[in-house]
Amino acid sequence: MRKISFLLIGFFIVLAFSCNNKPNPAETNDDFDIPDSLLQETDSVPEISSKSMDDLVQNISSPIEMAALIKATGSKFSPELLASTKNLDKYNTSFKKSLNLGILGADLGYLNLYSQNRFIVDYLTAIKSLAEDIKVGQFFDFKTLKELASSGENLDSLTYLSVHSFNKIDKYLRDNHRSNISVLIIVGVWIEGMYFTTQINDQVKIKDISDRIAEQKIILNNIVLILKNYKGDSEFQNLLNQLTKLKEIYEPVEITYEVGEPKTVEQDGILTVVQNEKSIITITEKDMENIKNQIAEIRYNIVN
Amino acid sequence: MKKIFFILTMIFFVTLSFSQCNEKLIDIAVSQNRGATYLKDFKVKLPATPKNKPRAIAKFQIVLNGGNHYRFNISKAKEFNGIPIIQLYEGSKLLGTSYLTSKQKDYKMFDFLCQKTGTYKIFISFKDGASGCAAGILSLVN
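Keep in mind it's a predicted model, so treat the numbers as computed, not measured.

With that out of the way, let us pick up the overall build of chain A. Counting its regular elements, chain A contains 10 helices and 4 strands. Going from N to C terminus, chain A has its helices and strands arranged as α-α-α-α-α-α-α-α-α-β-β-β-β-α. In chain A, buried positions account for 37% of the 304 residues. Taking contacts inside chain A between residues at least 6 apart in sequence as the whole, the part at least 24 apart equals 69%.

The next point concerns unusual backbone geometry. Not every positive phi belongs to a glycine, and Lys 205 of chain A is a case in point at roughly 50 degrees. Note that Lys 205 of chain A resides in the loop between helix 7 (179-204) and helix 8 (207-228).

With that settled, the discussion passes to the pairing of strand 8 (residues 109-113) of chain B. Here strand 8 of chain B lies mainly inside the structure; 4 of its 5 residues are buried. With 4 bridges connecting them, strand 3 (residues 270-274) of chain A and strand 8 of chain B associate as parallel partners. Bridge pairing in strand 8 of chain B places Val 274 of chain A opposite Leu 113 of chain B.

Moving on, we come to the sheet that holds strand 4 (residues 84-90) of chain B. All names here are of chain B. Read from one edge to the other, the open sheet built from 4 strands follows the order 2-9-4-5, with strand pairing classed as antiparallel. Two strands close off the open sheet at either side, each with one partner strand: strand 2 (58-64) and strand 5 (93-97). Going across the sheet, the axis of each strand differs from the next one's by a mean of 30 degrees, ignoring polarity. With 7 bridges connecting them, strand 2 and strand 9 (residues 118-126) associate as antiparallel partners. Each residue of the ladder has a partner; that of Lys 59, found in strand 9, is Phe 123.

The next point concerns the sheet that holds strand 8 of chain B. If you walk across this open sheet you meet the 6 strands as 2(A)-3(A)-8(B)-3(B)-10(B)-1(B), and the pairing is mixed. Edge strands, defined here as strands with exactly one partner in the open sheet, are strand 2 (263-267) of chain A together with strand 1 (37-46) of chain B. Each adjacent strand pair in this sheet contributes to an overall mean axis angle of 20 degrees, direction not counted.

In this section: the nonpolar core. All names here are of chain A. Ranked by size, the top nonpolar core spans 108 residues in total, and within it Leu 104, Ile 127, Trp 190 and Ile 223 carry the most contacts. The biggest single contributor to this core is helix 7, with 13 residues. Ignoring anything within four residues of it in the chain, the contact list for Ile 127 reads Leu 101, Leu 104, Gly 105 and Leu 108.

Taken as a whole, chain A shows an average pLDDT of 84; of its residues, 81% reach a score of 70 or greater. Predicted confidence is poor over residues 10-48 of chain A, with pLDDT under 50, and the contacts of this stretch with residues over four places away or in other chains come to 55 contacts.

Let us look at the packing of helix 3 (residues 94-113) of chain A against helix 4 (residues 117-133) of chain A. Residues and elements named next belong to chain A. Helix 4 packs onto helix 3 with a crossing angle of 155 degrees between their chain directions and a minimal axis gap of 10 Å. Classified by the interaxial angle, the pair formed by helix 3 and helix 4 is roughly antiparallel. Seen from above, helix 3 lies across helix 4 with left-handed handedness. Across the interface between the two elements, Lys 97, Asn 100, Leu 101, Leu 104, Gly 105, Asp 107, Leu 108 and Leu 111 of helix 3 pack against Phe 119, Ile 120, Tyr 123, Ala 126, Ile 127, Leu 130, Ala 131 and Asp 133 of helix 4. Residues of the contact of helix 3 with helix 4, tallied by class, amount to 11 nonpolar, 2 polar and 3 charged.

Let us now look at helix 9 (residues 234-250) of chain A. Residue and element names in this part refer to chain A. Across its 17 residues, helix 9 extends 24 Å between first and last C-alpha, which sits within 8% of the 24 Å expected from 1.5 Å per residue. Burial in helix 9 covers these residues: Leu 239, Leu 240, Leu 243, Leu 246, Ile 249 and Tyr 250. In the core, the buried residues of helix 9 are packed alongside helix 8 and helix 10 (285-303).

Relative to the helices and strands, Gln 203 of chain A is located in helix 7. It is 9.5 Å that separates the C-alpha atoms of Gln 203 of chain A and Ser 75 of chain A, two residues lying 128 residues apart in sequence.

Time to look at helix 5 (residues 142-151) of chain A. All names here are of chain A. Within helix 5, burial applies to Leu 145, Leu 148 and Ala 149. Looking straight down helix 5, one finds its buried side chains confined to an arc of 95 degrees; they lie on one side. With respect to the buried face of helix 5, the exposed residues turned more than 90 degrees away are Lys 143, Thr 144, Ser 150 and Ser 151. Those residues of helix 5 hidden inside the fold are in contact with helix 4 and helix 6 (155-175). Backbone geometry just after helix 5 places Gly 152 at a positive phi near 75 degrees.

Turning our eyes to something else, we now look at the packing of helix 3 of chain A against helix 6 of chain A. All names here are of chain A. Viewed as axis vectors pointing N to C, helix 3 and helix 6 meet at an angle of 165 degrees, and their least axial separation amounts to 10 Å. One element, helix 3, and the other, helix 6, form an angle in the roughly antiparallel class. At the point where helix 3 passes helix 6, the crossing takes the left-handed sense. Counted together, Gly 105, Leu 108 and Asn 112 of helix 3 and Leu 155, Leu 158, Thr 159, Ser 162 and Phe 166 of helix 6 form the full contact between these two elements. Considering only residue class, the contact of helix 3 with helix 6 consists of 4 nonpolar, 4 polar and no charged.

What follows covers the confidence of the model for chain B. Per-residue confidence for chain B gives a mean pLDDT of 89, with 87% of residues at or over 70. The ipTM for the predicted assembly is 0.85, set against a pTM of 0.83.

Calculation rules
Residues numbered from 1 in each chain as written. Chains lettered and ligands numbered in written order. Predicted model: local features only at pLDDT ≥ 70, side-chain atom pairs only at ≥ 80, totals over all residues. Helix = DSSP H or I, 4+ residues; strand = E, 2+ residues; numbered from the N terminus. Buried ≥ 20, exposed ≤ 12 C-beta atoms within 10 Å, placed from the backbone. Contact = placed C-beta atoms within 7 Å. Pairing = 2+ DSSP bridges. Axes fitted to C-alpha atoms, helices over the stretch in contact; angles between N-to-C directions. Core = buried A, V, L, I, M, F, W, Y, C linked by C-beta atoms within 7 Å. pLDDT = per-residue confidence, 0-100. Parallel < 35°, antiparallel > 145°, perpendicular 65-115°, else oblique. Left-handed = near helix turned anticlockwise from the far one by under 90°. Nonpolar A, V, L, I, M, F, W, Y, C, P; charged D, E, K, R; others polar. Expected span 1.5 Å × (residues − 1). Arc of directions from axis to C-beta.

Next comes the structure, spelled out in C-alpha coordinates:
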(Lines give C-alpha, C1' and ligand atoms only; values in the text may rest on other atoms or scores of the structure.)
Protein backbone atom coordinates (compact mmCIF):
# COMPACT_ATOMS: atom_id res chain seq x y z
CA MET A 1 0.00 0.00 0.00
CA ARG A 2 2.85 2.36 0.92
CA LYS A 3 4.62 1.65 -2.35
CA ILE A 4 1.46 2.42 -4.33
CA SER A 5 0.96 5.64 -2.37
CA PHE A 6 4.54 6.72 -3.04
CA LEU A 7 4.13 5.96 -6.72
CA LEU A 8 0.87 7.91 -6.86
CA ILE A 9 2.37 10.88 -5.00
CA GLY A 10 5.34 10.85 -7.35
CA PHE A 11 2.98 10.72 -10.31
CA PHE A 12 0.97 13.72 -9.09
CA ILE A 13 4.12 15.73 -8.33
CA VAL A 14 5.46 15.11 -11.82
CA LEU A 15 2.06 15.91 -13.33
CA ALA A 16 1.60 19.04 -11.23
CA PHE A 17 5.00 20.37 -12.32
CA SER A 18 4.25 19.57 -15.92
CA CYS A 19 1.06 21.63 -15.64
CA ASN A 20 2.76 24.51 -13.89
CA ASN A 21 2.40 27.41 -16.28
CA LYS A 22 5.48 29.31 -15.29
CA PRO A 23 7.14 29.63 -18.63
CA ASN A 24 10.32 27.91 -19.56
CA PRO A 25 11.93 28.58 -22.90
CA ALA A 26 12.32 24.89 -23.52
CA GLU A 27 8.76 24.08 -22.64
CA THR A 28 6.22 23.44 -25.35
CA ASN A 29 2.51 24.08 -25.25
CA ASP A 30 0.34 23.24 -28.22
CA ASP A 31 -2.04 26.11 -27.65
CA PHE A 32 0.21 29.00 -26.84
CA ASP A 33 3.51 28.42 -28.54
CA ILE A 34 4.58 30.94 -31.11
CA PRO A 35 6.56 29.55 -34.00
CA ASP A 36 10.01 31.18 -34.27
CA SER A 37 9.10 32.32 -37.76
CA LEU A 38 6.45 34.61 -36.32
CA LEU A 39 9.09 36.48 -34.42
CA GLN A 40 10.74 37.65 -37.60
CA GLU A 41 9.80 40.24 -40.16
CA THR A 42 8.27 38.75 -43.31
CA ASP A 43 7.72 41.90 -45.38
CA SER A 44 10.23 41.19 -48.06
CA VAL A 45 9.25 37.59 -48.81
CA PRO A 46 8.49 37.56 -52.54
CA GLU A 47 6.98 34.09 -52.69
CA ILE A 48 5.49 31.89 -50.05
CA SER A 49 7.35 28.66 -49.43
CA SER A 50 5.60 25.74 -47.84
CA LYS A 51 7.91 26.11 -44.83
CA SER A 52 6.59 29.59 -44.09
CA MET A 53 2.91 28.83 -44.61
CA ASP A 54 2.40 29.45 -40.91
CA ASP A 55 3.33 33.07 -41.59
CA LEU A 56 0.41 33.52 -43.93
CA VAL A 57 -1.63 36.61 -43.53
CA GLN A 58 -4.64 35.95 -41.34
CA ASN A 59 -8.19 37.17 -41.69
CA ILE A 60 -7.87 37.20 -45.50
CA SER A 61 -11.53 36.40 -45.65
CA SER A 62 -13.97 36.57 -42.80
CA PRO A 63 -17.44 34.99 -42.93
CA ILE A 64 -18.66 37.87 -40.79
CA GLU A 65 -17.16 41.02 -42.32
CA MET A 66 -18.77 40.83 -45.77
CA ALA A 67 -22.12 39.89 -44.24
CA ALA A 68 -21.85 42.79 -41.77
CA LEU A 69 -21.15 45.21 -44.62
CA ILE A 70 -24.20 43.99 -46.54
CA LYS A 71 -26.40 44.19 -43.45
CA ALA A 72 -25.16 47.72 -42.68
CA THR A 73 -26.45 48.90 -46.06
CA GLY A 74 -29.98 47.92 -45.02
CA SER A 75 -30.23 45.08 -47.57
CA LYS A 76 -32.84 42.50 -46.70
CA PHE A 77 -31.95 38.83 -46.21
CA SER A 78 -31.74 37.13 -49.63
CA PRO A 79 -31.92 33.32 -49.32
CA GLU A 80 -31.43 32.95 -53.09
CA LEU A 81 -27.81 34.06 -52.61
CA LEU A 82 -27.01 31.01 -50.49
CA ALA A 83 -25.32 27.92 -51.90
CA SER A 84 -27.44 24.77 -51.84
CA THR A 85 -26.78 22.18 -49.15
CA LYS A 86 -28.15 19.45 -51.44
CA ASN A 87 -25.03 19.04 -53.59
CA LEU A 88 -22.76 17.38 -51.04
CA ASP A 89 -22.65 14.11 -53.01
CA LYS A 90 -21.05 15.97 -55.91
CA TYR A 91 -18.11 17.05 -53.77
CA ASN A 92 -16.08 13.88 -54.15
CA THR A 93 -12.52 15.10 -53.53
CA SER A 94 -10.86 16.81 -50.57
CA PHE A 95 -10.29 19.79 -52.85
CA LYS A 96 -14.02 20.23 -53.58
CA LYS A 97 -15.04 19.46 -50.01
CA SER A 98 -12.62 22.08 -48.61
CA LEU A 99 -13.65 24.82 -51.02
CA ASN A 100 -17.32 24.15 -50.34
CA LEU A 101 -16.69 24.06 -46.60
CA GLY A 102 -15.49 27.65 -47.01
CA ILE A 103 -18.50 28.55 -49.17
CA LEU A 104 -20.96 27.12 -46.62
CA GLY A 105 -18.98 28.72 -43.78
CA ALA A 106 -19.52 32.13 -45.37
CA ASP A 107 -23.21 31.29 -45.81
CA LEU A 108 -23.38 30.39 -42.12
CA GLY A 109 -21.86 33.78 -41.23
CA TYR A 110 -24.51 35.49 -43.37
CA LEU A 111 -27.29 33.44 -41.74
CA ASN A 112 -25.93 34.18 -38.27
CA LEU A 113 -25.82 37.93 -38.81
CA TYR A 114 -29.37 37.91 -40.16
CA SER A 115 -30.52 35.57 -37.32
CA GLN A 116 -31.99 33.07 -39.80
CA ASN A 117 -32.31 30.14 -37.42
CA ARG A 118 -34.63 28.16 -39.68
CA PHE A 119 -31.78 27.72 -42.20
CA ILE A 120 -28.89 27.45 -39.76
CA VAL A 121 -29.44 23.84 -38.65
CA ASP A 122 -29.50 22.71 -42.28
CA TYR A 123 -26.21 24.50 -43.01
CA LEU A 124 -24.62 23.21 -39.81
CA THR A 125 -25.51 19.65 -40.83
CA ALA A 126 -23.90 20.12 -44.26
CA ILE A 127 -20.81 21.73 -42.71
CA LYS A 128 -20.52 18.86 -40.22
CA SER A 129 -20.56 16.34 -43.05
CA LEU A 130 -17.87 18.14 -45.09
CA ALA A 131 -15.73 18.83 -42.01
CA GLU A 132 -15.81 15.18 -40.98
CA ASP A 133 -14.90 14.08 -44.49
CA ILE A 134 -11.70 16.12 -44.37
CA LYS A 135 -11.02 15.02 -40.76
CA VAL A 136 -11.63 18.32 -38.99
CA GLY A 137 -15.11 17.63 -37.65
CA GLN A 138 -13.74 17.46 -34.10
CA PHE A 139 -13.41 21.26 -33.98
CA PHE A 140 -17.14 21.85 -34.27
CA ASP A 141 -19.29 21.38 -31.20
CA PHE A 142 -22.30 20.59 -33.37
CA LYS A 143 -24.49 19.63 -30.45
CA THR A 144 -24.13 23.04 -28.80
CA LEU A 145 -24.31 24.87 -32.14
CA LYS A 146 -27.54 23.12 -33.07
CA GLU A 147 -29.03 23.72 -29.63
CA LEU A 148 -28.21 27.43 -29.88
CA ALA A 149 -29.62 27.61 -33.42
CA SER A 150 -32.81 25.72 -32.50
CA SER A 151 -33.50 27.77 -29.38
CA GLY A 152 -33.08 31.05 -31.24
CA GLU A 153 -31.58 32.55 -28.10
CA ASN A 154 -28.05 33.75 -27.56
CA LEU A 155 -27.27 34.23 -31.25
CA ASP A 156 -24.06 36.04 -30.30
CA SER A 157 -22.76 32.80 -28.79
CA LEU A 158 -23.78 30.94 -31.94
CA THR A 159 -21.82 33.38 -34.09
CA TYR A 160 -18.81 33.21 -31.79
CA LEU A 161 -18.79 29.41 -31.65
CA SER A 162 -19.16 29.13 -35.44
CA VAL A 163 -16.33 31.56 -36.24
CA HIS A 164 -14.10 30.19 -33.48
CA SER A 165 -14.57 26.65 -34.83
CA PHE A 166 -13.41 27.75 -38.29
CA ASN A 167 -10.42 29.52 -36.74
CA LYS A 168 -9.46 26.39 -34.81
CA ILE A 169 -9.66 24.35 -38.01
CA ASP A 170 -7.43 26.87 -39.78
CA LYS A 171 -4.82 26.74 -37.02
CA TYR A 172 -4.93 22.95 -36.79
CA LEU A 173 -4.49 22.52 -40.54
CA ARG A 174 -1.56 24.95 -40.68
CA ASP A 175 0.13 23.36 -37.68
CA ASN A 176 -0.27 19.90 -39.18
CA HIS A 177 1.15 20.67 -42.61
CA ARG A 178 -2.26 20.64 -44.25
CA SER A 179 -2.14 24.28 -45.30
CA ASN A 180 -3.41 23.31 -48.75
CA ILE A 181 -6.77 22.42 -47.18
CA SER A 182 -6.75 25.57 -45.02
CA VAL A 183 -6.05 27.74 -48.07
CA LEU A 184 -9.01 26.22 -49.92
CA ILE A 185 -11.38 26.92 -47.04
CA ILE A 186 -10.15 30.54 -46.91
CA VAL A 187 -10.55 30.93 -50.68
CA GLY A 188 -14.05 29.42 -50.48
CA VAL A 189 -15.07 31.95 -47.81
CA TRP A 190 -13.60 34.79 -49.89
CA ILE A 191 -15.34 33.74 -53.13
CA GLU A 192 -18.71 33.46 -51.39
CA GLY A 193 -18.24 36.85 -49.73
CA MET A 194 -17.38 38.34 -53.13
CA TYR A 195 -20.39 36.63 -54.68
CA PHE A 196 -22.72 38.17 -52.06
CA THR A 197 -21.30 41.66 -52.39
CA THR A 198 -21.16 41.74 -56.20
CA GLN A 199 -24.75 40.47 -56.41
CA ILE A 200 -26.00 42.98 -53.82
CA ASN A 201 -24.02 45.79 -55.45
CA ASP A 202 -25.77 44.97 -58.71
CA GLN A 203 -29.10 45.69 -57.02
CA VAL A 204 -28.41 48.63 -54.74
CA LYS A 205 -25.26 50.46 -55.95
CA ILE A 206 -23.85 51.64 -52.63
CA LYS A 207 -20.39 53.22 -52.64
CA ASP A 208 -19.25 51.39 -49.49
CA ILE A 209 -19.92 48.07 -51.20
CA SER A 210 -18.39 48.97 -54.57
CA ASP A 211 -15.29 50.35 -52.79
CA ARG A 212 -14.97 47.14 -50.79
CA ILE A 213 -15.23 45.06 -53.96
CA ALA A 214 -12.61 47.23 -55.69
CA GLU A 215 -10.23 46.99 -52.71
CA GLN A 216 -10.37 43.22 -52.90
CA LYS A 217 -7.84 43.64 -55.71
CA ILE A 218 -5.22 43.74 -52.93
CA ILE A 219 -6.55 40.58 -51.29
CA LEU A 220 -6.84 38.76 -54.62
CA ASN A 221 -3.14 39.40 -55.25
CA ASN A 222 -2.39 37.69 -51.93
CA ILE A 223 -4.65 34.76 -52.75
CA VAL A 224 -3.09 34.22 -56.19
CA LEU A 225 0.36 34.32 -54.62
CA ILE A 226 -0.65 31.70 -52.07
CA LEU A 227 -2.29 29.41 -54.64
CA LYS A 228 0.83 29.48 -56.83
CA ASN A 229 2.45 27.49 -54.06
CA TYR A 230 0.26 24.52 -55.02
CA LYS A 231 0.18 24.88 -58.80
CA GLY A 232 1.65 21.39 -59.21
CA ASP A 233 -1.79 20.00 -58.42
CA SER A 234 -4.19 20.08 -61.40
CA GLU A 235 -7.24 21.08 -59.33
CA PHE A 236 -5.29 23.96 -57.76
CA GLN A 237 -3.97 24.96 -61.18
CA ASN A 238 -7.52 25.12 -62.53
CA LEU A 239 -8.65 27.34 -59.65
CA LEU A 240 -5.53 29.46 -60.04
CA ASN A 241 -6.29 29.96 -63.75
CA GLN A 242 -9.79 31.21 -62.96
CA LEU A 243 -8.55 33.57 -60.26
CA THR A 244 -5.70 34.79 -62.48
CA LYS A 245 -8.35 35.72 -65.05
CA LEU A 246 -10.17 37.64 -62.31
CA LYS A 247 -6.89 39.34 -61.42
CA GLU A 248 -6.54 40.47 -65.04
CA ILE A 249 -10.07 41.87 -64.95
CA TYR A 250 -9.05 43.82 -61.84
CA GLU A 251 -6.01 45.37 -63.59
CA PRO A 252 -7.73 48.65 -64.62
CA VAL A 253 -9.07 49.22 -61.08
CA GLU A 254 -7.02 52.02 -59.52
CA ILE A 255 -6.38 52.45 -55.82
CA THR A 256 -4.46 55.51 -54.69
CA TYR A 257 -3.89 56.80 -51.18
CA GLU A 258 -4.37 60.15 -49.51
CA VAL A 259 -1.74 60.38 -46.80
CA GLY A 260 -2.69 61.41 -43.26
CA GLU A 261 -1.58 60.78 -39.69
CA PRO A 262 -3.75 58.62 -37.42
CA LYS A 263 -5.54 60.38 -34.56
CA THR A 264 -6.14 58.80 -31.16
CA VAL A 265 -9.02 59.91 -28.95
CA GLU A 266 -10.20 58.56 -25.60
CA GLN A 267 -13.92 58.24 -24.99
CA ASP A 268 -15.65 56.35 -22.18
CA GLY A 269 -12.34 54.73 -21.26
CA ILE A 270 -11.78 53.34 -24.74
CA LEU A 271 -8.97 54.52 -26.96
CA THR A 272 -10.10 54.98 -30.54
CA VAL A 273 -7.64 55.32 -33.37
CA VAL A 274 -8.96 57.01 -36.51
CA GLN A 275 -6.92 56.26 -39.58
CA ASN A 276 -6.67 59.41 -41.65
CA GLU A 277 -4.92 57.77 -44.56
CA LYS A 278 -7.67 57.07 -47.09
CA SER A 279 -7.85 55.02 -50.24
CA ILE A 280 -9.31 56.59 -53.36
CA ILE A 281 -10.92 54.10 -55.71
CA THR A 282 -11.45 54.35 -59.44
CA ILE A 283 -13.54 51.60 -60.96
CA THR A 284 -15.83 51.70 -64.00
CA GLU A 285 -19.27 50.08 -64.18
CA LYS A 286 -17.95 47.81 -66.91
CA ASP A 287 -15.08 46.61 -64.70
CA MET A 288 -17.56 45.98 -61.89
CA GLU A 289 -19.81 44.01 -64.23
CA ASN A 290 -16.87 41.90 -65.42
CA ILE A 291 -15.78 41.21 -61.83
CA LYS A 292 -19.33 40.18 -60.90
CA ASN A 293 -19.59 37.81 -63.87
CA GLN A 294 -16.20 36.19 -63.32
CA ILE A 295 -16.90 35.65 -59.60
CA ALA A 296 -20.30 34.13 -60.44
CA GLU A 297 -18.65 31.77 -62.93
CA ILE A 298 -15.92 30.67 -60.50
CA ARG A 299 -18.50 30.15 -57.77
CA TYR A 300 -20.79 28.19 -60.12
CA ASN A 301 -17.91 25.84 -60.95
CA ILE A 302 -17.29 25.23 -57.27
CA VAL A 303 -20.81 24.66 -55.97
CA ASN A 304 -22.13 22.55 -58.87
CA MET B 1 0.39 8.96 4.54
CA LYS B 2 -3.19 9.00 3.28
CA LYS B 3 -3.47 12.64 4.36
CA ILE B 4 -0.40 13.67 2.36
CA PHE B 5 -1.73 11.80 -0.61
CA PHE B 6 -5.11 13.55 -0.27
CA ILE B 7 -3.52 17.02 0.08
CA LEU B 8 -1.26 16.53 -2.94
CA THR B 9 -4.20 15.31 -5.00
CA MET B 10 -6.20 18.38 -4.02
CA ILE B 11 -3.29 20.74 -4.82
CA PHE B 12 -2.93 19.12 -8.22
CA PHE B 13 -6.58 19.48 -9.17
CA VAL B 14 -6.90 23.01 -7.77
CA THR B 15 -3.78 24.10 -9.77
CA LEU B 16 -5.20 22.49 -12.87
CA SER B 17 -8.65 24.04 -12.52
CA PHE B 18 -7.29 27.56 -11.94
CA SER B 19 -4.88 27.56 -14.87
CA GLN B 20 -6.01 29.94 -17.58
CA CYS B 21 -3.19 29.64 -20.11
CA ASN B 22 -5.25 27.53 -22.48
CA GLU B 23 -8.35 27.75 -24.70
CA LYS B 24 -10.33 29.10 -21.74
CA LEU B 25 -8.43 32.36 -22.08
CA ILE B 26 -9.97 32.96 -25.53
CA ASP B 27 -13.48 32.73 -24.03
CA ILE B 28 -12.46 35.11 -21.25
CA ALA B 29 -10.97 37.63 -23.70
CA VAL B 30 -14.02 37.43 -26.00
CA SER B 31 -16.32 38.05 -23.04
CA GLN B 32 -14.39 41.29 -22.39
CA ASN B 33 -14.69 42.76 -25.89
CA ARG B 34 -17.82 44.69 -24.89
CA GLY B 35 -20.23 42.99 -27.26
CA ALA B 36 -18.26 43.37 -30.49
CA THR B 37 -18.39 40.41 -32.92
CA TYR B 38 -15.38 38.11 -32.59
CA LEU B 39 -13.28 37.61 -35.73
CA LYS B 40 -9.86 36.21 -34.74
CA ASP B 41 -7.77 35.30 -31.74
CA PHE B 42 -4.03 35.50 -31.25
CA LYS B 43 -2.66 33.32 -28.50
CA VAL B 44 0.73 34.12 -27.06
CA LYS B 45 2.98 32.64 -24.41
CA LEU B 46 6.37 34.27 -24.09
CA PRO B 47 9.31 33.74 -21.73
CA ALA B 48 10.89 36.60 -19.77
CA THR B 49 13.50 38.50 -21.73
CA PRO B 50 16.92 39.15 -20.16
CA LYS B 51 17.40 42.89 -19.49
CA ASN B 52 20.21 43.33 -22.00
CA LYS B 53 18.15 41.87 -24.85
CA PRO B 54 15.21 43.28 -26.86
CA ARG B 55 11.89 42.08 -25.43
CA ALA B 56 10.22 39.14 -27.11
CA ILE B 57 7.34 40.06 -29.43
CA ALA B 58 4.88 37.76 -31.18
CA LYS B 59 3.94 39.14 -34.59
CA PHE B 60 0.95 38.29 -36.74
CA GLN B 61 -0.09 39.58 -40.15
CA ILE B 62 -3.75 40.33 -40.76
CA VAL B 63 -5.94 41.82 -43.42
CA LEU B 64 -8.21 44.68 -42.35
CA ASN B 65 -10.90 46.19 -44.54
CA GLY B 66 -11.43 49.91 -45.09
CA GLY B 67 -14.70 51.23 -43.68
CA ASN B 68 -14.75 48.78 -40.78
CA HIS B 69 -14.66 49.62 -37.08
CA TYR B 70 -12.42 47.06 -35.37
CA ARG B 71 -11.71 46.39 -31.72
CA PHE B 72 -8.49 44.89 -30.35
CA ASN B 73 -8.54 43.65 -26.78
CA ILE B 74 -6.23 41.50 -24.75
CA SER B 75 -6.56 39.36 -21.60
CA LYS B 76 -3.89 37.64 -19.58
CA ALA B 77 -3.83 34.34 -17.77
CA LYS B 78 -4.04 35.14 -14.08
CA GLU B 79 -1.23 32.80 -13.08
CA PHE B 80 1.21 35.10 -14.93
CA ASN B 81 2.25 38.59 -13.85
CA GLY B 82 3.26 40.00 -17.24
CA ILE B 83 1.00 42.83 -18.45
CA PRO B 84 0.17 42.09 -22.08
CA ILE B 85 0.27 44.82 -24.71
CA ILE B 86 -1.44 44.52 -28.09
CA GLN B 87 -0.32 46.90 -30.82
CA LEU B 88 -1.33 47.52 -34.41
CA TYR B 89 1.21 48.47 -37.04
CA GLU B 90 1.04 49.36 -40.69
CA GLY B 91 4.54 48.71 -41.96
CA SER B 92 6.74 50.31 -39.32
CA LYS B 93 4.11 52.89 -38.29
CA LEU B 94 2.45 52.30 -34.93
CA LEU B 95 -1.29 52.92 -35.31
CA GLY B 96 -2.73 51.80 -32.00
CA THR B 97 -1.75 50.29 -28.67
CA SER B 98 -3.54 49.00 -25.59
CA TYR B 99 -0.84 50.46 -23.31
CA LEU B 100 0.01 54.16 -23.41
CA THR B 101 3.57 54.61 -22.20
CA SER B 102 3.13 58.40 -21.95
CA LYS B 103 0.32 57.93 -19.39
CA GLN B 104 1.63 54.62 -17.97
CA LYS B 105 -1.94 53.38 -18.44
CA ASP B 106 -3.13 49.93 -19.45
CA TYR B 107 -6.41 50.24 -21.42
CA LYS B 108 -6.57 46.51 -22.27
CA MET B 109 -8.21 47.42 -25.58
CA PHE B 110 -8.43 49.97 -28.36
CA ASP B 111 -10.69 50.61 -31.34
CA PHE B 112 -9.50 51.20 -34.87
CA LEU B 113 -11.52 52.96 -37.56
CA CYS B 114 -9.94 51.47 -40.65
CA GLN B 115 -10.02 53.53 -43.84
CA LYS B 116 -7.75 51.46 -46.00
CA THR B 117 -7.93 47.77 -46.92
CA GLY B 118 -4.56 46.13 -46.60
CA THR B 119 -2.17 44.00 -44.61
CA TYR B 120 -1.42 45.14 -41.08
CA LYS B 121 0.62 43.66 -38.26
CA ILE B 122 -0.36 42.82 -34.72
CA PHE B 123 2.39 42.79 -32.11
CA ILE B 124 1.80 41.18 -28.74
CA SER B 125 4.39 41.56 -26.00
CA PHE B 126 4.59 41.88 -22.22
CA LYS B 127 5.46 45.07 -20.37
CA ASP B 128 9.14 45.31 -19.43
CA GLY B 129 9.82 41.98 -21.14
CA ALA B 130 8.13 39.98 -18.38
CA SER B 131 7.00 36.44 -19.03
CA GLY B 132 3.33 36.01 -19.75
CA CYS B 133 0.45 34.27 -21.38
CA ALA B 134 -2.28 36.23 -23.15
CA ALA B 135 -5.00 36.09 -25.76
CA GLY B 136 -5.55 39.02 -28.12
CA ILE B 137 -8.90 39.31 -29.85
CA LEU B 138 -9.81 41.07 -33.09
CA SER B 139 -13.52 41.95 -33.24
CA LEU B 140 -15.85 43.90 -35.43
CA VAL B 141 -17.81 46.66 -33.72
CA ASN B 142 -21.37 46.48 -35.01
